[in-house]
Amino acid sequence: MGTNHGQRQLHLGAFIFGVGHHIAAWRYPLTDTGGLLKLDFYKRFAQTAERGKFDLVFIEDIPVLPEPLNRAVQYTLPVRAEPLTLLSALASVTKKIGLVGTVSTTYSEPFHVARKFASLDHLSGGRAGWNAVTTSMENTAKNFGRDHHLDHSLRYERAKEFVDVVTALWDSWEEGALVIDKATGQFADPDKVHEINHVGEHFSVRGPLNVHRSKQGRPVVVQAGSSTTGQAFAAQTAEVVFTAWQTLEEAQNFYTSLKSQLPAYGRSPDELKILPGVLPFIGATEEEAKAKEAEFQNLVLPAVGLGMVQNILRVDLSGYPLDGPLPELPDATEINGGKSRYQLLLDMARREQLTIRQLIHRVTGARGHRTIAGTPVQIADQLEEWFVNKACDGFNIMPPYLPGGLDEFVDLVIPELQRRGLFRSEYTGTTLRDHLGLAEPANRFAQRSATSVH
């Protein structure tokens, strides 16, 4: 493809997930399984992404082991670092790259989340982002003293109020609230520090936060819901959305749908960046890349692959032939898990007439995200096609194994994107908002003060 003569450039996230996104990554000979939960392993990942000028590193959180437990423990790699602990460590070994972590709105409290991310934002110099999720795995409830997972619609009602409370707490200190005048003895201006006095359906929080406003105003709010309810939630509150799509048309429809909802909330399309996930297998030739992908697939035990599909679809497929089609399944509106990912798998299986075995192969690599196998030029071609045709604002890159999968992307694909003018050669700012082209949000309490004066 050609050179980008416009001003629009890709935004890229580096998505760290265990020792690689492919479910068999830990079995691949070149994967560093010895680095699991060791700081040097994650330090290398973050510094490699920063060398590639990525906007951010992203860490998801799964606060429960997949079912059944014996299979998850015996055959997969279920160990995950707690995001905020890890990101706090990475803040000290990086300088520019954004640091985005996942915390559930269903199994957390707003004051804790606001305080922790505000602290990370200060410690990193304005590079923090919060991926606010409602949590889709039903068994998570049993790890938090509950018998049942909240209903999908109720989870989103709680999430909307949760995010509103967190952002209010981040706003509870206005810009310039700190005085720190040693001569007079005044530390802060009490007129610029506010109780939020929130009383709602799910939360009652007085405030203010005991962390002042950060360099970028407040952390960036990220979300990952793609259902109808999730889109409405994102249109109101998100600044970045992570999503999963298989085809250009699907991605374009989602992009147009979500962006078109923003004006109803007084927002412009540029205030929200949409980044679908992509898992790249990179080779010197297309044949080499596809052979690498096949090597990974050959490492997947059938029971493990079937278990992954069953966990997404919430159905027991053990009685059906692997080389036959999916059975008839309920409509997405009838399930209480991740509705958009459920629908994505159903659509993919029906559109391509996949057998259960073929669906397993499509899911075990990227869990429903798009997989690309090719040369660096071919990878760049496909990323460019989606970007210039308004299917996304960039991508969340999902290396199949580590550290090599990210090294290959940074060393081989990034230079090709830079050559085309699609991606930065240097950081032009220091905060995550700078990288994403997002303005500092207006402080709601400063606005009220200004209005009351006039």
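Residues numbered from 1 in each chain as written. Predicted model: local features only at pLDDT ≥ 70, side-chain atom pairs only at ≥ 80, totals over all residues. Heavy atoms only, no water.

### Examining the overall build of the protein
- When helices and strands are tallied, the protein shows 15 helices and 13 strands.
- The C-alpha radius of gyration computed for the protein amounts to 22 Å, which stays within 12% of the reference 22 Å derived for 454 residues, consistent with globular compactness.
- Looking at the protein residue by residue over its 454 residues, the buried ones come to 55%.
- Here the contacts in the protein between residues at least 6 apart in sequence split such that 78% fall between residues at least 24 apart.
- Within the structure as shown, the protein displays about 19400 Å² of accessible surface, and the carbon and sulfur contribution to it stands at 51%.
- Where the 46 positive side-chain charges of the protein centre and where its 52 negative ones centre are 3 Å apart. (Helix = DSSP H or I, 4+ residues; strand = E, 2+ residues; numbered from the N terminus. Rg over C-alpha atoms; globule rule 2.2 N^0.38 Å. Buried < 20%, exposed > 50% of the residue type's maximum accessible area, 1.4 Å probe, protein only. Contact = heavy atoms within 4.5 Å. Areas by Shrake-Rupley, 256 points an atom, 1.4 Å probe, with all protein chains shown as cover. Lys, Arg positive; Asp, Glu negative; His and termini not counted. Charge placed at Lys NZ, Arg CZ, Asp CG, Glu CD.)

### Things to note about the packing of helix 5 (residues 152-171) against helix 6 (residues 228-237)
- Close contact between helix 5 and helix 6 brings their axes to 10 Å; oriented N to C, the two are set at 5°. With respect to their mutual orientation, helix 5 and helix 6 come out roughly parallel. Contact residues: helix 5 offers H152, Y156, A159, K160 and V163, while helix 6 offers T229, G230, F233, Q236 and T237. (Axes fitted to C-alpha atoms, helices over the stretch in contact; angles between N-to-C directions. Parallel < 35°, antiparallel > 145°, perpendicular 65-115°, else oblique.)

### With respect to helix 13 (residues 404-419)
- Over its 16 residues, helix 13 extends 22 Å from the first C-alpha to the last, a length consistent with the 22 Å expected when each residue adds 1.5 Å.
- At V413, helix 13 shows its largest kink, close to 35°, and the proline P415 lies no more than four residues downstream.
- Within helix 13, burial applies to G404, G405, L406, D407, E408, F409, V410, V413, I414, E416 and L417.
- Looking at the buried residues of helix 13, the elements they touch are strand 1 (11-16), helix 1 (39-51), strand 11 (273-282), helix 8 (286-298), helix 12 (376-388) and strand 13 (394-397).
- One or two positions beyond helix 13, positive phi appears at G421, with a value near 75°. (Expected span 1.5 Å × (residues − 1). Bend = angle between axes of the 7 residues up to and from the residue.)

### Comments concerning the nonpolar core
- F54, W130, F409 and L417 are the most contacted members of the largest nonpolar core, which totals 131 residues.
- At nine residues, the largest contribution of residues to this core is made by helix 5.
- Excluding residues that lie within four positions of it along the chain, L417 makes contacts with L10, L12, A380, L383, F409, L422 and F423. (Core = buried A, V, L, I, M, F, W, Y, C linked by side-chain atoms within 4.5 Å.)

### Here's the deal with unusual backbone geometry
- Residue P208 follows G207 across a cis peptide bond; omega there is 0°.
- Located in the positive-phi region is L37, a residue other than glycine, with phi close to 60°.
- When you line up the elements, L37 lands in the loop between strand 1 and helix 1.
- The exposure class of L37 is partly exposed, given its relative accessible area of 47%.

### A short note on the packing of aromatic side chains
- Evaluation of the coordinates by the stated rule reveals 17 aromatic pairs.
- Chaining the aromatic ring pairs together yields one cluster made of F117, W130, F162, W170 and F203.
- Positioned above the aromatic ring of F17 is the side chain of R80, whose terminal nitrogen or guanidinium carbon lies 4.0 Å from the ring centre.
- The positively charged end of R367 is found above the aromatic ring belonging to F17, 4.1 Å away from the centroid. (Phe/Tyr/Trp six-rings, centres within 6.5 Å; stacked < 30°, edge-to-face > 60°. Lys NZ or Arg CZ within 6 Å of the ring centre and 35° of its normal.)

### Digging into helix 1
- For helix 1, built from 13 residues, the straight-helix expectation of 18 Å at 1.5 Å per residue is met to within 8% by its first-to-last C-alpha distance of 18 Å.
- Taken together, the buried positions of helix 1 are F41, Y42, F45, A46, T48, A49 and E50.
- Those residues of helix 1 that are buried are in contact with strand 1, strand 2 (56-59), helix 3 (83-91) and helix 13.

### Considerations on the pairing of strand 10 (residues 240-243)
- In strand 10, alternate side chains face the same way, and those of V240 and F242 on one face and V241 and T243 on the other are all buried.
- Across two bridges, strand 9 (residues 220-223) lies against strand 10 in parallel orientation. Residue pairing in the sheet places V222 in a bridge with V240 of strand 10.
- For the crossover that starts at strand 9, traverses helix 6 and ends in the parallel strand 10, the hand is right-handed.
- The handedness of the strand 10 to strand 11 crossover, carried by helix 7 (residues 248-261), is right-handed. (Pairing = 2+ DSSP bridges. Right-handed = clockwise from strand over helix to strand, strands pointing away.)

In short, the description is geometric, and any link to function would need to be established separately.
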